[in-house]
Amino acid sequence: MGGTVTTPQFAGEAQAVTDGFNLVIDALKLNGLDTIFGVPGIPITDLARKAQAAGMRVISFRHEQSAAYAASIAGFMTGKPGICLTVSAPGFLNGLTALANATTNCFPMILISGSSEREIVDLQQGDYEEMDQLAIAKSFAKAAFRVLHAEDIGVGVARAIRAAVSGRPGGVYLDLPGKLFPQTIDAEIGKNSLIKVVDPAPRQIPAPDAVQRALALLREAKRPLIILGKGAAYAQADADIRALVERTGIPYLPMSMAKGLLPDTHPQCASAARSFVLPEADVVMLVGARLNWLLSHGKGKTWGGKDARAWGGQKFVQIDISSQEADSNVRIDAPVVGDIGSCVAALLAGIDATWPKPQAGWLAAVAERKSKNIAKMAETLAKNPVPMNFHSALAVVRDIVKANPDACLVNEGANALDFTRSIVDMFKPRKRLDVGTWGVMGIGMGFSVAAAVVSGGQVIAIEGDSAFGFSGMEVETICRYDLPVCVVILNNSGVYRGDEKNPTGGRDPAPLAFVKDARYEKLMEAFGGVGVHATTPAELRSAMEEAIRSRRPTLVNAVIDATAGTESGRITSLNPAAKRQ
Ligand code: ADP
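This section reports on the structure supplied with the text.

Rules used in this analysis
Residues numbered from 1 in each chain as written. Predicted model: local features only at pLDDT ≥ 70, side-chain atom pairs only at ≥ 80, totals over all residues. Heavy atoms only, no water. 1 Å grid on protein atoms, 1.4 Å probe; cavity = no way out; pocket = protein on both sides within 12 Å on 5 of 7 lines; lining within 4 Å. Points joined across faces, edges and corners; volume = space filled by probe spheres on them. Phe/Tyr/Trp six-rings, centres within 6.5 Å; stacked < 30°, edge-to-face > 60°. Helix = DSSP H or I, 4+ residues; strand = E, 2+ residues; numbered from the N terminus. Buried < 20%, exposed > 50% of the residue type's maximum accessible area, 1.4 Å probe, protein only. Pairing = 2+ DSSP bridges. Salt bridge = Lys/Arg side-chain N within 4 Å of Asp/Glu carboxyl O.

1. Quick word on the layout of surface pockets
Here comes step 1: In this structure, the second largest pocket occupies an estimated 210 Å³ of space.
Here comes step 2: If you trace the second largest pocket, you find 14 residues lining it, with Asp34, Thr35, Ala74, Thr78 and Val454 closest to the centre.

2. Quick notes on the packing of aromatic side chains
Describing an aromatic ring pair means giving the distance of the ring centres and the angle of the ring planes.
Here comes step 1: One pass over the full model with this rule turns up 10 aromatic pairs.
Here comes step 2: Ring centres of Phe21 and Phe181 lie 5.1 Å apart, and the angle between their planes is 15 degrees; this geometry places the pair in the stacked category. Taken together, the positions of Phe21 in helix α1 (residues 20-30) and Phe181 in the loop between β8 (171-177) and β9 (184-186) put the pair 160 residues apart, joining distant regions of the chain. There is no split in this pair, since Phe21 and Phe181 are both buried.
Here comes step 3: Here Phe92 and Tyr173 contribute two aromatic rings whose centre-to-centre distance is 5.0 Å and whose plane-to-plane angle is 55 degrees, an arrangement assigned as tilted.

3. Details of unusual backbone geometry
Here comes step 1: Note that the residue after Ile42, namely Pro43, is joined by a cis bond; omega there is 5 degrees.
Here comes step 2: Here Pro43 lies in the loop between β3 (35-38) and α2 (45-53).
Here comes step 3: Cis geometry is adopted by the peptide bond preceding Pro387, which originates at Val386 and carries an omega value of -5 degrees.
Here comes step 4: Relative to the helices and strands, Pro387 resides in the loop between α14 (360-382) and α15 (390-403).

4. Considering the pairing of strand β10 (residues 224-228)
Here comes step 1: Counting buried positions over the 5 residues of β10 gives 5, a clear majority of the element.
Here comes step 2: A two-sided burial pattern is seen for β10, the buried positions comprising Pro224, Ile226 and Leu228 on one face and Leu225 and Ile227 on the other.
Here comes step 3: Here β10 runs beside strand β12 (residues 283-287); their pairing, made up of 5 bridges, is parallel. For Leu228, the partnering residue across the bridge sits in β12 and is Val287.
Here comes step 4: Sheet topology places β10 next to strand β11 (residues 252-254); 3 bridges connect them, and they run parallel. Residue pairing across strands places Ile227 opposite Leu253, the latter belonging to β11.

5. Considering the pattern of salt bridges
Here comes step 1: Scanning the entire structure with this criterion turns up 19 salt bridges.
Here comes step 2: A salt bridge links Arg168 to Glu325, with the shortest nitrogen-to-oxygen separation between them at 2.8 Å. Of this pair, Arg168 sits in the loop between α7 (153-165) and β8 while Glu325 sits in the loop between β13 (315-320) and β14 (334-337); the two residues are 157 residues apart in sequence, bridging distant segments of the chain.
Here comes step 3: Under the relative-accessibility criterion, Arg168 is labelled partly exposed at 25%.
Here comes step 4: Note that Asp264 and Lys259 form a salt bridge whose closest N and O atoms lie 2.8 Å from each other.

Structure, rendered in structure tokens:
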């Protein structure tokens, strides 16, 4: 137990009691949740203190948004809900962006926020940080609960855990009013009210006829393709997914956070031939990937359709835990509903040594396109321009990641994201942690802290200078907890690029330009970490190697050409001006 208090009830009699603080801690610990990311303050300050005293890892951030991003990615990495703890109204709202992002990305997390007193909030009498948090959270979370009585804490935590990890995972909100924490109850009653959740994410076995339908479609395919999404990475069915790919011999494309599920250097990896395989494939099997904007909604020119609205003619198999995902964008000919582990195992049972390999012509065409593009990229990466650009800097990062395949790679930005994703190969599952479904900026330092805490290993964060700004103050958190995080800022002095001018000639800088020659590395030095100013690939390489050798918090300010970078990176087409007809 987190602790019990012995209070005299009557002269000569003592009774063991527990309280809301201890019951929350005990409920979390009972379910194997041993780490809290958060920002302490009223009314949860003592909860953070007591959690640490009870042996939990409490990671205190400078801003709730980073803490909540940290919890969400811990959820993705472990399959257990990441826990974020915040104060009421503003702290809660700061955490809400990450809670919504978690729900969008199918990451399991629980945002626990202290809140003001119900009676006062409901009568709108102006309490300290008054806000109806539960009502607000509902539209951003997969589920939201409030606990008013100490004896219900066990149920509240259990329901939050189940909601976060069962079915399609997501973000859950748990509202704990300040008055709950000091409530005392008999320790024995309290203990018995706690719930150790049995089988929180039950397997969902696919229907045999759905599996047969999918196998029949795949078997007929002439130009099959597998797309692995972050749901496949989350499912932790790595060996079976690899067996499915290898036994069928089908080329596969990993979505960004599925990179490394099989090594990107795998002969069947078709990443370097993406724009060729999508329109050319005749049957596509989606494994934990949605046909959302990241896959051009499964139609249009990317898929060989005549125009943006046209279907490309592909047939789709979709493996997903959500029964409602199929047909969300185009027709799904063979939905297989279930958890990925069970679905892939069921498919594998129908794929033996007699399974027909894809047509040789298809494999040869993919291989040819792939080697042409890889050769083109190698040529670009071999250049050593002055000043350094995205490619020459990322050629270094690519080598370092290859030499350190167990390191987690956190990545955000526009061009910094696009180029890193396509240049830096990943070799192990769940090591690439990035902006996800929304392409959100601000995950950088929160994800880095969580990745270091959860994995206990090295983290490399490749950051655009604009993206870094959203969470930069958390370098103090990185230093305070002495985490082996090496932040590399690809610094071109602006959003997208750094050479924009104010067209009026006025004194204000252009809206997308930052301070020139900014010394970001001094931020890390300010808190006792290592800062390096790197203007050449050689300087970048030695700084990263030293960071990894020493495991010290390091920030490398990698100065690149201010004219390097394109508007919005690879999603320029989403800018409304580009859509004008
Ligand atoms: P990506 O962005 O990599 O394409 P998405 O986030 O679009 O991936 O898709 C992930 C999908 O995986 C979601 O539709 C989600 O329902 C599904 N998913 C998540 N976990 C599991 C699981 N354990 N089993 C089956 N499907 C899952």
